[in-house]
Amino acid sequence: MTTLLTILVLILVAIAIWQMTKIFELSQIRAENTQVASDKDNKYNGYLMFAFLIFIYGITIFSFWKYSKVLLPEAASEHGQSYDSLMLWSFVIIFFVQTVTQALLHYFGYKYKGEKGKKALFYADNDRLEFIWTIIPVIVLAGLILWGLYTWTNIMDVNDEDDPLIVELYAQQFNWTARYGGADNVLGGANVRMIDINRANVLGLDESDPYAGDDVIVKELHLPVGRKVNFRFRSQDVLHSAYMPHFRAQMNCVPGMITEFSFTPTITTEEMRLNPDVIDKVKRTNAIRTERAANGEPNSDPWEFDYVLLCNKICGKSHYNMQMKIIVETEEEYNAWMESQQTFSQLMASMN
Ligand SMILES: [Cu+2]
């Protein structure tokens, strides 16, 4: 709110100054009141072009220096590597072209500024030049698009090869629930109409379905490293989006239908905590938190890195806090954790 007000005040001050200069200009009786730009005006604008070029380069370098550190650490999933290189190369190409064309644009703006007695050259066309500046973008863009399509098809291919772990992610305002297929790795049938809060059947599992009995319902997502996971997404109420930034994964959760996504986690939580970028981020965050603790402010306890599942669709007033912890661990740790969980039929029996 304060920021908004500050911006508003700055805009109003700028408008006031602009209006005042206009009044000032009008009040001056100029010796030469002409609408035609003089050499002096043109030179002035030419230099301004250069100044603007320096400004955009400066702000680019500043942004790299200041904000690179807030980017995500290396991808923690198999497909994440190819996703990141596609992104990186797209940015490198865009950045290179933008740097060169902006320099040319502003330099020529300066070089060919208007001058008394200077006449523009009439130059109809040049087939060779046009061919070059058409064919280069065609080749580069076709390459990027083909590479993008290839990557997209690979990432979006959800299949049952390599014995994937089947996990359901269930979205509702404003929390996530995960369900594992259990010993048979098959999810039992479920429908929101069968939800029975009084008996803790929060996901609406079909109690008569033999596949449902061994399902495991949890509020913390554990994944064994190196094993492919096929996710199936459901939503109880509105559109949500399951976003797992560290795994470069996102899929909409749509009421009334099941959506799917699949990935293989490659880095355990423990290993990721040793990543230099993550260590840096934890250090920076905890420095802020120590400061808050000293001032007696809330949210000041030390933070430790964890993978997260976030909601990435604005789904209501507590959307910002709709998240679930993800723990990637070794197969043994995962099995031990799974052992300690209650199955759906055990849960139902305890309710009766
Ligand atoms: Cu949501």
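Details of the structure are given in the entry above.
Residues numbered from 1 in each chain as written. Predicted model: local features only at pLDDT ≥ 70, side-chain atom pairs only at ≥ 80, totals over all residues. Heavy atoms only, no water.

Undergrad: It is not clear to me how the side chain of Asn 201 should be interpreted in this structure. Could you clarify?
TA: With respect to the helices and strands, Asn 201 occurs in the loop between β2 (175-180) and β3 (216-218). A polar side-chain atom of Asn 201 sits 3.3 Å from the main-chain amide nitrogen of Gly 204. In terms of polar contacts, Asn 201 uses its side chain to reach the backbone amide nitrogen of Leu 205, at 2.9 Å. Those residues within four positions of Asn 201 in sequence are excluded, and the remaining contacts are Met 194, Ile 195, Asp 196, Glu 207, Phe 344 and Met 348. (Helix = DSSP H or I, 4+ residues; strand = E, 2+ residues; numbered from the N terminus. Polar contact = N/O pair within 3.5 Å; in protein donor to acceptor, adjacent residues only side chain to side chain. Contact = heavy atoms within 4.5 Å.)

Undergrad: Sorry if this is basic, but what is going on with the sheet that holds β3 here?
TA: Think of a sheet as strands paired side by side through backbone hydrogen bonds, with each pair either parallel or antiparallel. Spatially, five strands are ordered β3-β2-β1-β5-β8 in an open sheet, and the strand pairing comes out mixed. This sheet does not close on itself; its edge strands, each paired only once, are β3 and β8 (259-263). Sheet twist, expressed as the average angle between the axes of neighbouring strands with direction ignored, equals 25°. Judged from the seven bridges that link them, strand β1 (residues 165-172) and strand β5 (residues 229-235) form a sheet pairing that is parallel. Following the sheet pairing, Ile 166 is matched in β5 by Asn 230. Of the strands in this sheet, β1, β2 and β3 touch helix α7 (residues 331-339), which is tilted by about 100° from β2. (Pairing = 2+ DSSP bridges. Axes fitted to C-alpha atoms, helices over the stretch in contact; angles between N-to-C directions.)

Undergrad: Where do I start with the sheet that holds strand β6 (residues 240-244) in this structure?
TA: The strand order across the open sheet formed by five strands is β4-β10-β9-β6-β7, and the pairing between neighbours is mixed. The open sheet has two edge strands, β4 (221-224) and β7 (249-253), and neither has a second partner. Taken pair by pair, the neighbouring strands of this sheet meet at an average axis angle of 20°, ignoring direction. The sheet contact formed by strand β9 (residues 307-311) and strand β10 (residues 323-329) spans four bridges and is antiparallel. Counterpart to Val 308 in the pairing with β10 is Lys 325.

Undergrad: Is there a simple way to think about the pattern of salt bridges in this case?
TA: Between side chains of opposite charge, a pair can form as their charged atoms come close. Evaluated as defined, the whole model comprises 13 salt bridges. Measuring nitrogen to oxygen at the nearest pair gives 3.8 Å for the salt bridge that ties Glu 115 to Lys 118. For Glu 115, a relative accessible area of 40% translates into the label partly exposed. Note on Lys 118: relative accessible area 45%, which makes it partly exposed. A salt bridge links Asp 306 to Arg 273; the shortest N-O distance between them is 3.2 Å. Taken together, the residues Asp 306 in the loop between α6 (276-294) and β9 and Arg 273 in the loop between α5 (269-272) and α6 connect sequence positions 33 residues apart. It is possible to trace a salt-bridge network through shared partners that takes in Glu 270, Arg 273, Glu 304, Asp 306 and Lys 325. (Salt bridge = Lys/Arg side-chain N within 4 Å of Asp/Glu carboxyl O. Buried < 20%, exposed > 50% of the residue type's maximum accessible area, 1.4 Å probe, protein only.)

Undergrad: Which parts of the structure should I look at to understand the packing of aromatic side chains?
TA: Each aromatic ring pair is characterised by the separation of its centres together with the angle its planes make. Across all of its chains, the model carries 16 aromatic pairs by this definition. Both rings, one in Phe 247 and one in Phe 263, keep their centres 4.9 Å apart while their planes meet at 15°; by these two values the pair is stacked. Placement of Phe 247 in the loop between β6 and β7 and of Phe 263 in strand β8 is noted, with a sequence separation of 16 residues between them. Phe 263 carries the same exposure label as Phe 247, and that label is buried. Pairwise contacts between aromatic rings join Phe 231, Phe 233, Phe 247, Phe 263, Phe 305 and Tyr 307 into one cluster. (Phe/Tyr/Trp six-rings, centres within 6.5 Å; stacked < 30°, edge-to-face > 60°.)

Undergrad: Could you clarify how one ought to interpret a nonpolar patch on the surface in this entry?
TA: Taken together, the side chains of Phe 96, Val 97, Val 100, Leu 104, Tyr 107, Phe 108 and Tyr 112 make up a nonpolar region of the molecular surface, amounting to roughly 690 Å² of accessible area. By the element assignment, Val 100 lies in helix α3 (residues 78-111). Among the residues examined, Val 100 registers a relative accessible area of 36% and is labelled partly exposed. (Patch = residues over 30% accessible without salt bridge, like charges linked within 9 Å, V, L, I, M, F, W, Y side chains within 5 Å. Areas by Shrake-Rupley, 256 points an atom, 1.4 Å probe, with all protein chains shown as cover.)

Undergrad: Could you clarify how one ought to interpret a negative patch on the surface in this entry?
TA: Where like charges cluster on the molecular surface, the negative patch consists of Glu 78, Asp 157, Asp 160, Glu 161 and Asp 162. Structurally, Asp 157 is set in the loop between α4 (127-156) and β1. Residue Asp 157 is classed as partly exposed on the basis of its relative accessible area of 44%. (Lys, Arg positive; Asp, Glu negative; His and termini not counted. Charge placed at Lys NZ, Arg CZ, Asp CG, Glu CD.)

Undergrad: Looking at this structure, how should I read the nonpolar core?
TA: A general tendency of soluble globular proteins is for nonpolar side chains to be buried together. By size, the foremost hydrophobic cluster in this structure holds 40 residues, and its most contacted members are Tyr 180, Leu 221, Phe 231 and Met 244. When residues in this core are grouped by element, the largest group, four residues, is from β1. Other than its neighbours up to four places away in sequence, Met 244 contacts Leu 169, Phe 231, Phe 233, Ala 249, Phe 263, Val 308, Leu 309 and Ile 326. (Core = buried A, V, L, I, M, F, W, Y, C linked by side-chain atoms within 4.5 Å.)

Undergrad: Just checking my understanding: could you explain the side chain of His 106 for this structure?
TA: As for its position among the elements, His 106 is in helix α3. Judged by relative accessible area, His 106 falls into the buried class, the value being 5%. Only 2.8 Å separates the side chain of His 106 from the backbone oxygen of Gln 102, close enough to count as a polar contact. Leaving out residues up to four positions away in the same chain, His 106 has contacts with Met 49, Phe 52, Leu 53 and Ile 56.

Undergrad: Can you walk me through the packing of helix α2 (residues 39-67) against α3 in this structure?
TA: Each pair of packed helices gets described by two things: the angle between the helix axes and the distance between those axes. Running from N to C, α2 and α3 cross one another at 160°; their axes reach a closest spacing of 7 Å. Judged on the interaxial angle alone, α3 and α2 are roughly antiparallel. Crossing hand, α2 versus α3: left-handed. Between α2 and α3, the contacting residues are Gly 46, Tyr 47, Met 49, Phe 50, Phe 52, Leu 53, Ile 56, Tyr 57, Thr 60 and Phe 64 on the first element and Phe 95, Thr 99, Gln 102, Ala 103, Leu 105, His 106, Tyr 107, Gly 109 and Tyr 110 on the second. Grouping the amino acids of the contact of α2 with α3 by side-chain chemistry returns 13 nonpolar, six polar and no charged. (Parallel < 35°, antiparallel > 145°, perpendicular 65-115°, else oblique. Left-handed = near helix turned anticlockwise from the far one by under 90°. Nonpolar A, V, L, I, M, F, W, Y, C, P; charged D, E, K, R; others polar.)

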